[in-house]
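One-letter residues, chain by chain:
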Amino acid sequence: MNKFYITTPIYYVNDIPHIGHAYTTLSADVIARYWRQKEYEVLFATGVDENAQKTVQAAEAAGKPIVEYTQDMADIWRTTWEKLGISNDCFIRTTSDKHKTAVYEIIKRVQAGGDIYKDSYKGFYCVGCESFIKEADLVDGLCPDHKTEPQWLEEDNFFFKLSKYQQQLLDHIESHPDFIQPISRRHEVLSFIKQGLQDFSVSRSTQQWGIPWPDEPGQVVYVWFDALTNYLTATGFPEEDFTKFWPADLHLIGKDISKFHCIYWPAMLMSAGLPLPKQIFAHGFFTIDGQKISKSLGNAVDPLTMMSKYGIDTLRYYLFSEIPFGEDGEFNHQRFQTVYTTDLADDLGNLVQRVAVLISKHLDGVIGELPGPTIKVDPYDQAIQELKLSTALKGVWQEIRNLNVYLQENKPWEKVSTDKVEFERIVRQTVANLLLIADLLKPFLPDSSQKISATFADGKIHPEVGLLFPKK
Ligand code: MSP
């Protein structure tokens, strides 16, 4: 059986999920559903990244013991995905024993390769990035991404010989054009590597929260070294059958974390003698009504609120049709409502309703034998497989619009009394195409797809299914 292993980043638990996180998880969900529909055996992994310094700060701010805090937050993340109907197959917690076992195994392998050494480190650490930051990269003494002052740290740590893998990484990226996508990210990563890679510290001593470094009291595993390994944890690593799903087919990430995924992670795997993921795809970031999503602006849209107002499919439709996957985009409330009315309620909802009513009224609700659909699916498949999600979805919408035009031009309602045979031919062709459209929409709009199929199930009309997108 063909297999497909897809991952999302594991999210920090210092905050609750907002629409930016939901975007990554929903896109992984679309792709996972697509491959399941193609009868691939899919492993879709997501989870939470708990062993960060920001977790310690957030627990303190919440006035909760850290174990209780992480438990509560992990529950919030897990149930948010459940409520949004995400079809993940597992949910990794980095505080779990299973994950710790995977981390210890990778450390053992990297150590055995001679790639870990002890050294002291002095530098600025940004808790927002959970990473050391070069003095030259500070802007007015602040981290350019988080606009916060980094901490000055002096520590004795374990280091990973990243520099040793510079050439091997370049060779791999250059000989595998699809390894890092989209192309803009690939260029960025290549130029970063060409500037010269420095070893990075993989343990921390100023912090106690985290996975204890094996046989070294006082040191914990650096959170990124720990977190990246989650992609192996989900496969059961180091159990023998982890190779059933490893190497991953696709790591989906946001562009903010491409350095960790496209440089650190492959080097760690090379050192551990493990195969590299087949592809890392970094999507863009989006703003809300023109502004960056930020806690202080209080503009972080809650995906659950959007779902309860408009239904999950509206959110899915908006995110994947309006924002070209891989590019930066904009979440605009006004546009969101417009899209609901024009694309969803008018183009699709009305179409299904019109055809169902015609058949109920003039054929006693009996659909009759269907012809083959007249829609080509190759461009759709190609677009999804190239991760051009908006191209694929917009292509389906073009077919929906074509079908509306077909009805408008052929006016079956006028033919009921003059040419019943032609009337039947037109409505049956429309139903046949609508059912194929429902199939194509299944990964993107699972609820609506199901409703369309249910409306025309078993050769008759089912008015009890109700309207797809009722007018607001
Ligand atoms: N814990 C790390 C990832 C470790 S993976 C081994 C982390 N977590 S995070 O909670 O900060 O999530 C970052 C991810 O959330 C981004 O890479 C992106 O997928 C998503 N997004 C957060 N804000 C976003 C936007 N404004 N727009 C689009 N995606 C956004 O980094």
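### Considerations on the pairing of strand S2 (residues 41–49)
Thought 1: Of all nine residues in S2, eight are buried; the element is thus mostly enclosed.
Thought 2: Alignment of strand S1 (residues 3–12) against S2, held across eight bridges, turns out to be parallel. If you follow Ile-10 over to S2, its bridge partner there is Gly-47.
Thought 3: Sheet topology places S2 next to strand S3 (residues 90–93); four bridges connect them, and they run parallel. Bridging across to S3, Thr-46 finds its partner in Phe-91.

### Describing unusual backbone geometry
Thought 1: Pro-182 follows Gln-181 through a cis peptide bond whose omega is -5 degrees.
Thought 2: By the secondary structure assignment, Pro-182 is in the loop between strand S7 (180–181) and helix H6 (183–194).
Thought 3: In this structure, Lys-147 takes a positive phi of about 55 degrees despite not being glycine.
Thought 4: Position of Lys-147 among the secondary structure elements: in the loop between strand S5 (131–133) and strand S6 (151–160).
Thought 5: The exposed category is assigned to Lys-147, whose relative accessible area is 59%.
Thought 6: Located in the positive-phi region is Asp-215, a residue other than glycine, with phi close to 55 degrees.

### Observations concerning the domain arrangement of the chain
Thought 1: If you check the domain split of the chain, you get domain 1 (3–292) and domain 2 (333–465).
Thought 2: Placing a centre on the C-alpha atoms of domain 1 and another on those of domain 2 gives a separation of 42 Å.
Thought 3: The partner domain 2 presents twelve residues to the 13 residues of domain 1 that form the contact.
Thought 4: With both chains or domains summed, domain 1 and domain 2 bury close to 1,100 Å², and 66% of this area falls on carbon and sulfur atoms.
Thought 5: Summed over the three residues of domain 1 that lose the most area to domain 2, namely Val-30, Tyr-34 and Gln-37, the buried surface amounts to 48% of that side.
Thought 6: Across the contact surface, domain 1 and domain 2 share one salt bridge.
Thought 7: A salt bridge links Lys-38 to Asp-381, with the shortest nitrogen-to-oxygen separation between them at 3.2 Å.

### A closer look at the sheet that holds strand S8 (residues 200–201)
Thought 1: In space, the four strands of this open sheet follow the order S5-S4-S6-S8, with antiparallel pairing throughout. The strands lining the two open edges of the sheet, one partner per strand, are S5 and S8.
Thought 2: One ladder, built from ten bridges, connects strand S4 (residues 116–126) with S6; its direction is antiparallel. Each residue of the ladder has a partner; that of Ser-120, found in S6, is Asp-156.

### Description of the pattern of salt bridges
Thought 1: Taken as a whole, this structure holds 25 salt bridges when the rule is applied.
Thought 2: For Asp-89, the salt bridge identified is with Arg-36, shortest N-O distance 3.3 Å. Highlighted residues: Asp-89 in the loop between helix H3 (66–83) and S3 and Arg-36 in helix H1 (residues 19–37), separated in sequence by 53 residues.
Thought 3: We classify Arg-36 as partly exposed; its relative accessible area is 28%.
Thought 4: With its nearest N and O atoms 2.6 Å apart, the salt bridge here joins Asp-115 to Lys-164. Linking Asp-115 in the loop between helix H4 (97–112) and S4 with Lys-164 in the loop between S6 and helix H5 (166–175), this pair joins segments that are 49 residues apart in sequence.
Thought 5: One network of salt bridges, in which partners are shared, links Asp-29, Arg-33 and Arg-316.

### Regarding the sheet that holds S7
Thought 1: Pairing within the open sheet is parallel, and its six strands lie in the order S3-S2-S1-S11-S12-S7. Of all the strands in the sheet, just S3 and S7 have a single pairing partner and so form its edges.
Thought 2: Strands S1, S2, strand S11 (250–254) and strand S12 (280–283) of the sheet are contacted by H1, whose axis makes an angle of about 170 degrees with S1.

### Focus: the site of the ligand
Thought 1: Lining the immediate environment of the ligand, one finds 23 residues, of which Ile-10, Tyr-12, Thr-24, Asp-49 and Asp-256 sit closest.
Thought 2: Ile-10 places a polar main-chain atom, nitrogen or oxygen, 2.8 Å from a nitrogen atom of the ligand.
Thought 3: Within the contact set of the ligand, an oxygen atom lies 3.1 Å away from a backbone nitrogen or oxygen of Gly-254.
Thought 4: Protein burial of the ligand: of its 680 Å² of free accessible surface, 93% is covered by the chains.
Thought 5: Going through the elements one at a time, S1, H1, helix H7 (223–228) and helix H8 (230–233) are the ones with two or more residues in the shell around the ligand.
Thought 6: Residue composition of the shell around the ligand, grouped by class: twelve nonpolar, nine polar and two charged.

Conventions we followed
- Residues numbered from 1 in each chain as written.
- Predicted model: local features only at pLDDT ≥ 70, side-chain atom pairs only at ≥ 80, totals over all residues.
- Heavy atoms only, no water.
- Buried < 20%, exposed > 50% of the residue type's maximum accessible area, 1.4 Å probe, protein only.
- Helix = DSSP H or I, 4+ residues; strand = E, 2+ residues; numbered from the N terminus.
- Pairing = 2+ DSSP bridges.
- Domains from an automatic or database assignment.
- Contact = heavy atoms within 4.5 Å.
- Buried area = accessible area lost by both parts, 1.4 Å probe.
- Salt bridge = Lys/Arg side-chain N within 4 Å of Asp/Glu carboxyl O.
- Axes fitted to C-alpha atoms, helices over the stretch in contact; angles between N-to-C directions.
- Near = heavy atom within 4 Å.
- Polar contact = N/O pair within 3.5 Å; in protein donor to acceptor, adjacent residues only side chain to side chain.
- Areas by Shrake-Rupley, 256 points an atom, 1.4 Å probe, with all protein chains shown as cover.
- Nonpolar A, V, L, I, M, F, W, Y, C, P; charged D, E, K, R; others polar.

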